[in-house]
Amino acid sequence: MADELTKGLEGVLAAESELSSIDGDAGRLIYRGYDIADLAERASYEEVVYLLWHGELPDRAALDSFTDAMAAERAVDESILETVRALAAAEEAPMAAMRTAVSMLSATDPDAEAPADDREAARRKARRITAKIPTLLAAYDRVRQDEAPIDPDPDLDLAANFLYMLTGEAPDDVAAETFDQALILHADHGLNASTFTAMVVGSTMADLYSSVTAGIGALSGPLHGGANQDVMEVLFEIESSDLDPREWVERATDEGRRIPGFGHRVYNVTDPRATILKARSAKLAETGDDTWYEITTAIEDYLTDEVGLVEKGIAPNVDFYSGSVYYQLGIPIDMYTPIFAMSRAAGWSAHVLEYQEDNRLIRPRGRYVGPDDREYVPIEDR
Ligand code: CMC
């Protein structure tokens, strides 16, 4: 057995997957062979989830029945909404509240007792989790503002329904389409940290709720999904300071701060999802507030043209433009990372179900570098 240690498992092949693939040098991402740009432009989130879970794009009848089946699973039991209320009252942050609430969902799942190798039950769980997370999240945001949760509208697709449950108003076409596209872009991304976390849990043949709960925990960190909120906080910081974006970045880099939304373990060029979201942000800026788009592009231009960061392979990632897009849609900033999780639940489930088809417990080794041959000293003699 090789004794080579690869810190952060960088570049280590840990599994085969047919779900998504990243070409980090070309800046290309595919889901089951379809280019992300094509899917973002032409498909719906439900269509993409179907593709991830079933391997093929659905025809009209299959998509309609899949969309209906997903919509039928959106309601969340009152007992869980009670917990969401308690978490919001305790000012639990949304990612943490969501982690707890998703874990609780198994309590009302009729398949809760089904073993993980019951593939049909596992698929139903994936559907329930993915359908219910938007309801949980929207309810959390409502109750913390002393508003009653809004029941899901089965006539709206998942993206539009989420915005509706958040605000009480059905979104206009531009908002619904923009949000649907953002969900598509976040649905899957190879063996990223949270997906791998979900797979490690799934490889013990634990149930899907455990995998997704663990995935949410992994995604919450600032090196992973938490960066989208950090980007928006930087934009606020710049806007409210007397510095222009270039001066702010200069100061931040002098202080050794990382620029959130830049850099990626796999991409050496601009993340294709950032390119799509940048175009979206530009479009929204044409008819609304262009402040955030202007600041983000100024940062990107400065880091590209003068610092040469992008040339070094530290380029915008998905989080750089998603923050300003969500802000332009009026979504509260601490909901950005939970929204990432809401979409990625589909990818986590797809990877866990795929991996369990030919399961092998994920159990690496660690190299022990601690002391040896120590003699136990009774506590009273220490
Ligand atoms: N700003 C400035 N310098 C950076 C940045 C950044 N955002 N990211 C990496 N670097 C530098 C880093 O300082 C290091 O320089 P040096 O070799 O001189 O010490 C070099 O680039 C390599 O960095 P690394 O930490 O070894 O690279 P990594 O592959 O481990 O890190 C990353 C990837 C995403 C953790 C990192 O780029 C980062 O911290 N970015 C900011 C947070 C962020 O945007 N995260 C979202 C990632 S994409 C969405 C997702 O997957 O959730």
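Please read these numbers as outputs of a predicted model, since none were measured by experiment.

Chemist: Looking at this model, I keep getting lost on helix α11 (residues 227–240). Mind explaining?
Modeler: Think of an α-helix as turning once every 3.6 residues; residues three or four places apart then point the same way. Between its terminal C-alpha atoms α11 stretches 20 Å, which fits the 20 Å expected from 14 residues at 1.5 Å a residue. Taken as a whole, α11 has its buried residues at Ala227, Asn228, Val231, Met232, Val234, Leu235 and Ile238. On an axial view of α11, the arc spanned by its buried residues comes to 155°, and they lie on one face.

Chemist: Honestly, the packing of helix α4 (residues 78–89) against helix α5 (residues 94–105) in this entry has me stumped. Any pointers?
Modeler: Each pair of packed helices can be described by the angle between their axes along with the distance between the axes. One way to put it is that α4 packs onto α5 with a least axis distance of 10 Å and a crossing angle of 165°. Put simply, α4 runs roughly antiparallel to α5. Pair α4 / α5 crosses with right-handed handedness. Residues Ser79, Ile80, Thr83, Val84 and Leu87 of α4 form the contact with α5, whose participating residues are Ala97, Thr100, Ala101, Met104 and Leu105.

Chemist: Where do I start with the domain arrangement of the protein chain in this structure?
Modeler: Many analyses report the size of an interface as the accessible area lost when the parts associate. Under the domain assignment used here, the protein chain contains domain 1 (28–222 + 334–357) and domain 2 (227–328). Look at where the C-alpha atoms of domain 1 and domain 2 centre, and you get two points 27 Å apart. With 22 residues of domain 1 in contact, the opposing surface of domain 2 contributes 20 residues. Taken together, both faces of the contact between domain 1 and domain 2 bury some 1,800 Å²; the carbon and sulfur share is 60%. By the criterion of area lost to domain 2, the three top residues of domain 1 are Leu185, His189 and Tyr336, representing 34% of everything that side buries. Joining domain 1 to domain 2, the criterion identifies one salt bridge. A salt bridge links Arg280 to Glu177; the nearest nitrogen and oxygen atoms lie 2.6 Å apart. For the interface between domain 1 and domain 2, the tally reads eight residue pairs in polar contact (both at pLDDT 80 or more).

Chemist: Which parts of the structure should I look at to understand the side chain of His186?
Modeler: In this structure, His186 sits in helix α8 (residues 173–186). From its side chain, His186 meets the backbone oxygen of Ala182 in a polar contact 2.7 Å long. Excluding its chain neighbours within four sequence positions, the residues that come into contact with His186 are Tyr31, Leu277, Val318, Ser322, Tyr326, Phe340, Ser343 and Arg344.

Chemist: In this structure, what is going on with the nonpolar core? I would like to understand it.
Modeler: Across soluble globular proteins, nonpolar side chains have a tendency to be buried as a group. Grouped together as the largest cluster of nonpolar side chains are 101 residues, with contacts concentrated most on Tyr31, Trp53, Ile133, Phe162, Phe179, Ile299 and Ile331. Here this core gets eleven residues from one element, more than from any other, and that element is helix α16 (residues 336–357). Taken together, domain 1 (28–222 + 334–357) and domain 2 (227–328) each give at least three residues to this core, which thus spans both. If we ignore the near neighbours within four places in the chain, the residues touching Trp53 are Phe66, Met70, Ala126, Arg127, Thr130, Ala346, Ser349 and Ala350.

Chemist: Please clarify how the site of the ligand should be interpreted in this entry.
Modeler: By nearness alone, 18 residues border the ligand, and His224, Arg258, Ile259, Gly261 and Phe262 come closest of all. Between the ligand and the protein, one listed contact pairs a nitrogen atom with a backbone N or O atom of Ile259 at 2.7 Å. Measuring from an oxygen atom of the ligand, one finds a backbone N or O atom of Gly261 at 2.8 Å. Contact with the protein chains hides 65% of the accessible area of the ligand, taken as 930 Å² for the molecule alone. Along the lines of polarity and charge, the residues of the shell around the ligand split into nine nonpolar, six polar and three charged.

Chemist: Is there a simple way to explain the packing of α11 against helix α15 (residues 318–328) in this structure?
Modeler: At a minimum axis distance of 8 Å, the contact between α11 and α15 shows a crossing angle of 70°. Compared by their axis directions, α11 and α15 come out roughly perpendicular. Like other packed secondary-structure pairs, α11 and α15 cross with a definite hand, here right-handed. The segment α11 lies against α15, with Ala227, Asn228, Val231, Met232, Leu235 and Phe236 engaging Asp319, Phe320, Ser322, Gly323, Ser324, Tyr326 and Tyr327.

Chemist: Help me out: how do you make sense of the sheet that holds strand β1 (residues 20–23) in this one?
Modeler: Think of a sheet as strands paired side by side through backbone hydrogen bonds, with each pair either parallel or antiparallel. Read across the open sheet, the three strands follow the order β1-β2-β3; overall the sheet is antiparallel. For this open sheet the edge positions go to β1 and β3 (34–35), each flanked by a neighbour on one side alone. Across two bridges, the pairing between strand β2 (residues 28–31) and β3 is antiparallel. Residue Tyr31 lies in a different strand from β3, and its bridge partner there is Tyr34.

Chemist: Where do I start with the environment of Asp25 in this structure?
Modeler: Within the secondary structure layout, Asp25 lies in the loop between β1 and β2. Leaving out residues up to four positions away in the same chain, Asp25 has contacts with Asn268 and Val269.

Chemist: Which parts of the structure should I look at to understand the pattern of salt bridges?
Modeler: Where side chains of opposite charge bring their charged atoms close, a pairing between them can arise. Counted under the stated rule, the structure contains 24 salt bridges. A salt bridge links Arg144 to Asp141; its shortest N-O distance comes to 2.7 Å. Given a relative accessible area of 3%, Asp141 falls into the buried group. A salt bridge links Arg246 to Glu306; the nearest nitrogen and oxygen atoms lie 2.7 Å apart. Of this pair, Arg246 sits in helix α12 (residues 245–254) while Glu306 sits in the loop between α14 (291–305) and α15; the two residues are 60 residues apart in sequence, bridging distant segments of the chain. Among the ionic contacts, a cluster of salt bridges with common partners joins Glu73, Asp109, Asp111, Arg124, Arg128 and Lys132.

Conventions adopted
Residues numbered from 1 in each chain as written. Predicted model: local features only at pLDDT ≥ 70, side-chain atom pairs only at ≥ 80, totals over all residues. Heavy atoms only, no water. Helix = DSSP H or I, 4+ residues; strand = E, 2+ residues; numbered from the N terminus. Expected span 1.5 Å × (residues − 1). Buried < 20%, exposed > 50% of the residue type's maximum accessible area, 1.4 Å probe, protein only. Arc of directions from axis to C-beta. Axes fitted to C-alpha atoms, helices over the stretch in contact; angles between N-to-C directions. Parallel < 35°, antiparallel > 145°, perpendicular 65-115°, else oblique. Left-handed = near helix turned anticlockwise from the far one by under 90°. Contact = heavy atoms within 4.5 Å. Domains from an automatic or database assignment. Buried area = accessible area lost by both parts, 1.4 Å probe. Salt bridge = Lys/Arg side-chain N within 4 Å of Asp/Glu carboxyl O. Polar contact = N/O pair within 3.5 Å; in protein donor to acceptor, adjacent residues only side chain to side chain. Core = buried A, V, L, I, M, F, W, Y, C linked by side-chain atoms within 4.5 Å. Near = heavy atom within 4 Å. Areas by Shrake-Rupley, 256 points an atom, 1.4 Å probe, with all protein chains shown as cover. Nonpolar A, V, L, I, M, F, W, Y, C, P; charged D, E, K, R; others polar. Pairing = 2+ DSSP bridges.

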